[in-house]
Structures are given as C-alpha cells and as structure tokens.
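Fold and geometry: a report
Here's the letter readout for the chains.
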Amino acid sequence: MAGKKKPHREPDRAASEYYKLNKQAVEDLVTADVSNSPKVDPKELRKYRSHPNVSVADWVKAVLLKAWIGGMVCFFFLWGLGTYFSNWLDQLFVLGLALGFAIDLIENSIFRFWAKTPGDSDRWMMFPKKNFLYLPLNVLYAFLLLFCVVKTYDTINLALIAMTGAENTVPLGVGPILFGLFTAGWDLLFLGLKRLAKRVLADAKASAGKKE
C-alpha cells in the first residue's frame with residue numbers, strides 16, 4: 001500500500017477565475033435591442049417557441065379576428081340593444097362607437113400579443129401605436145368602416161330587389177356573421193391602400209433623393 005502513487009491532481013485554481021465575466025459581453029447583452037441585434041431567420045426562432053403542430057397563416061388569423069370583433073359588436077350592440085333605440089341614426093352612432101372601442105382596446109391588443117417581434121403585427125392595424133390619444137382615431141375609423149358596411153348592405157339589397165322584383169322588402173338582413181365579414185373585408189382593403197400609399201411615398205422620396 002505504501003508503494004501506491006497518489007492520483008495526480010492539478011493545482012487548484014483560484015475561485016475568482018471561475019467567475020470572471022467579460023465586461024464587453026455583459027454590456028452587449030444589457031444594451032441589446034432590435035436595432036443592434038443580428039437578424040435571425042424566423043424559422044430558427046420558431047424552433048424555440050411553443051406552438052401547436054398546426055400553424056395558421058397570419059392573414060387567416062387577421063381575417064378571423066377582425067370578423068369576430070365585427071360580429072361581436074353587431075351581436076351585442078345591434079341585436080342586443082337595437083330595441084332600445086327608436087332612431088336608426090342613434091343606433092348607428094352607438095354601433096360605431098362600440099366598434100371603435102373594440103378595435104382599439106381588444107383587437108389591437110390581441111395583434112400586439114400575437115407579434116413575434118415588436119411591430120410584427122403593425123400591418124394589421126390602421127393605428128398600431130399603443131397610446132390613448134389614438135382611441136379617437138380608431139373610433140373615427142370605425143365610423144368609416146360602418147358607413148362602408150351599411151352601403152354594402154344597401155347595394156346588395158337593391159340588387160336583390162331588382163332581380164326579384166320584391167319591392168318594400170329587405171332581402172338581406174343584418175346578422176353578426178355577414179356584418180363581421182363585411183367589416184373585416186373593408187378593414188383589410190383600407191389597410192392594403194395604406195401600405196400601397198406608404199410604398200408610393202417611399203419610392204417617390206427615393207427617386208427625389210437620386211435626382212438631388
């Protein structure tokens with residue numbers, strides 16, 4: 001036993017060496033944001049996110065959410081409170097007001113929650129900034145959507161009356177499903193026009209910069 005050699009042990013390192021931090025690396029980590037971080041492929045990011053096996057396209061989710069918001073407002077404020085208003089204009093005013101609040105407080109909040117990165121869902125919102133001052137703008141936008149939806153119903157009913165000859169009737173009544181789909185359709189149309197206008201302005205600025 002006396003002749004056995006003890007196992008070789010490296011000299012103990014100072015404990016402080018194991019906890020040395022790279023100051024620059026820590027500073028880079030603390031100050032990291034979207035502007036100074038390297039771009040990562042969205043497919044790579046999805047690997048580290050918990051998600052169901054069935055993925056739904058963003059535009060499908062946007063259509064369903066917008067249609068659901070419009071249908072919900074129609075159900076509660078047109079069907080539910082419609083009997084309390086004798087004046088059709090008063091009913092439309094309350095409906096537009098409710099739609100504006102629902103877009104600003106519910107719909108836009110859900111889009112921000114769905115965003116994988118800050119601003120990722122801005123393309124689905126007319127006024128994407130989260131600020132109380134934008135609530136009146138969303139209400140005004142809701143009145144525009146409501147006006148377009150009402151005109152859509154009027155046009156369809158006039159066409160049906162012209163085809164069937166059934167005057168003094170309302171062939172197509174207002175219901176949550178169609179109301180929601182019409183609202184979503186006009187909303188997406190205006191959002192598309194907004195993106196088109198931004199693209200045209202950006203191209204015009206780029207062209208002006210080249211000429212200078």
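For clarity, every value in this text was computed on a predicted model and none was experimentally measured.

1. Description of the overall build of the protein chain
Each helix and strand in the protein chain was counted, giving 6 helices and 0 strands. Across the protein chain, helices and strands are ordered from the amino to the carboxyl terminus as α-α-α-α-α-α. Per-residue burial over the protein chain gives 25% buried out of 212 residues. Summed over all atoms, the accessible surface of the protein chain reaches about 16100 Å², with 65% contributed by carbon and sulfur.

2. Considerations on the nonpolar core
Formed by 28 residues in total, the largest nonpolar core has its most connected members in Leu-99 and Phe-179. At the level of secondary structure, the elements contributing two or more residues to this core comprise α3 (58-79), α4 (88-114), α5 (135-164) and α6 (176-211). In contact with Phe-179, other than residues within four places in its own chain, are Gly-70, Cys-74, Leu-95, Leu-146, Val-149, Tyr-153 and Val-174.

3. Regarding the pattern of salt bridges
Any two side chains of opposite charge can pair, given that their charged atoms come close. Within the structure shown, the criterion is met by 4 salt bridges. The shortest N-O distance in the salt bridge between Asp-58 and Lys-61 comes to 3.8 Å. One end of the pair, Asp-58, and the other, Lys-61, are both in helix α3, 3 residues apart, so they sit about a helical turn from each other. Given the relative accessible area of 29%, Asp-58 is considered partly exposed. One salt-bridge network, in which partners are shared between bridges, spans Asp-58, Lys-61 and Arg-123.

4. A short note on a nonpolar patch on the surface
A cluster of nonpolar side chains, namely Trp-68, Phe-93, Leu-97, Phe-101, Leu-105 and Ile-106, defines an oily patch on the protein surface of about 570 Å² accessible area. When residues of the nonpolar patch are assigned to their parent elements, the largest contribution, 5 residues, is made by α4.

5. Section: the packing of α4 against α5
Following both chains from N to C, one finds α4 and α5 inclined at 125 degrees, their axes separated by 8 Å at the closest point. Judged on the interaxial angle alone, α5 and α4 are oblique. Here the hand of the crossing between α4 and α5 comes out right-handed. Facing α4, whose interface residues are Leu-92, Phe-93, Leu-95, Gly-96, Leu-97, Leu-99, Gly-100, Phe-101, Ile-103, Asp-104 and Asn-108, α5 presents Leu-135, Asn-138, Val-139, Ala-142, Phe-143, Leu-145, Leu-146 and Val-150. A class-by-class count of the residues in the contact of α4 with α5 yields 14 nonpolar, 4 polar and 1 charged.

6. Considerations on the environment of Leu-160
If you trace the backbone, Leu-160 turns up in helix α5. The sequence separation of Leu-160 and Pro-171 amounts to 11 residues, and the corresponding C-alpha distance is 6.7 Å. Setting aside chain neighbours within four positions, we find Leu-160 in contact with Gly-165, Pro-171 and Leu-172.

7. Quick word on the packing of aromatic side chains
Counted under the stated rule, the structure contains 9 aromatic pairs. Judged by centre distance (6.4 Å) and plane angle (35 degrees), the ring pair of Phe-127 and Tyr-134 falls under tilted. You can call Phe-127 partly exposed: its relative accessible area is 22%. By relative accessible area, which is 22% here, Tyr-134 ends up partly exposed. Taken together, a centroid distance of 6.4 Å and an interplanar angle of 90 degrees make the contact between Phe-127 and Tyr-141 edge-to-face.

Conventions adopted
Numbering of residues begins from 1 in every chain and follows the order in which that chain's sequence is written. With the structure being a predicted model, the display of local features is reserved for residues of pLDDT at least 70 and the display and counting of side-chain atom pairs for 80 or more, all residues being used for whole-chain, interface and lining totals. Hydrogens and water are ignored here; the side-chain numbers use all heavy atoms of the structure. The helix and strand labels rest on DSSP assignments: H or I over at least four residues marks a helix, E over at least two residues marks a strand, and numbering proceeds from the N terminus. Residue burial is assigned from relative accessible area. The probe radius is 1.4 Å, only protein chains are included, and a residue is buried under 20% of its type maximum, exposed over 50%, and partly exposed in between. Note on areas: Shrake-Rupley, 1.4 Å probe, and residue coverage restricted to the protein chains presented here. By convention a nonpolar core is built from buried Ala, Val, Leu, Ile, Met, Phe, Trp, Tyr and Cys residues, the set being connected through side-chain atoms within 4.5 Å. Throughout, a contact is declared for two residues whenever any of their heavy atoms are within 4.5 Å. Salt-bridge detection follows one rule: a side-chain nitrogen of Lys or Arg within 4 Å of a carboxyl oxygen of Asp or Glu. The residues that make up patches have over 30% relative accessible area and no salt bridge, and they are joined within 9 Å when like-charged or within 5 Å when they are Val, Leu, Ile, Met, Phe, Trp or Tyr. Lines are fitted to the C-alpha atoms to define the axes, a helix being fitted only along its stretch in contact, and any angle between axes, read from their N-to-C directions, falls within 0 to 180 degrees. Roughly parallel covers angles under 35 degrees, roughly antiparallel covers those over 145, roughly perpendicular covers 65 to 115, and oblique covers all other angles. Whether a crossing is left-handed or right-handed is set by the direction in which the near helix is turned from the far one by less than a right angle, anticlockwise for left-handed and clockwise for right-handed. Ten residues, namely Ala, Val, Leu, Ile, Met, Phe, Trp, Tyr, Cys and Pro, are considered nonpolar, four, namely Asp, Glu, Lys and Arg, are considered charged, and the remaining ones, Gly among them, are considered polar. Each aromatic pair joins two rings of Phe, Tyr and Trp (for Trp, the six-membered one) with centres within 6.5 Å, and gets the label stacked for planes under 30 degrees apart, edge-to-face for over 60, and tilted for any other angle.

As far as function goes, none of this settles anything; it's purely spatial.
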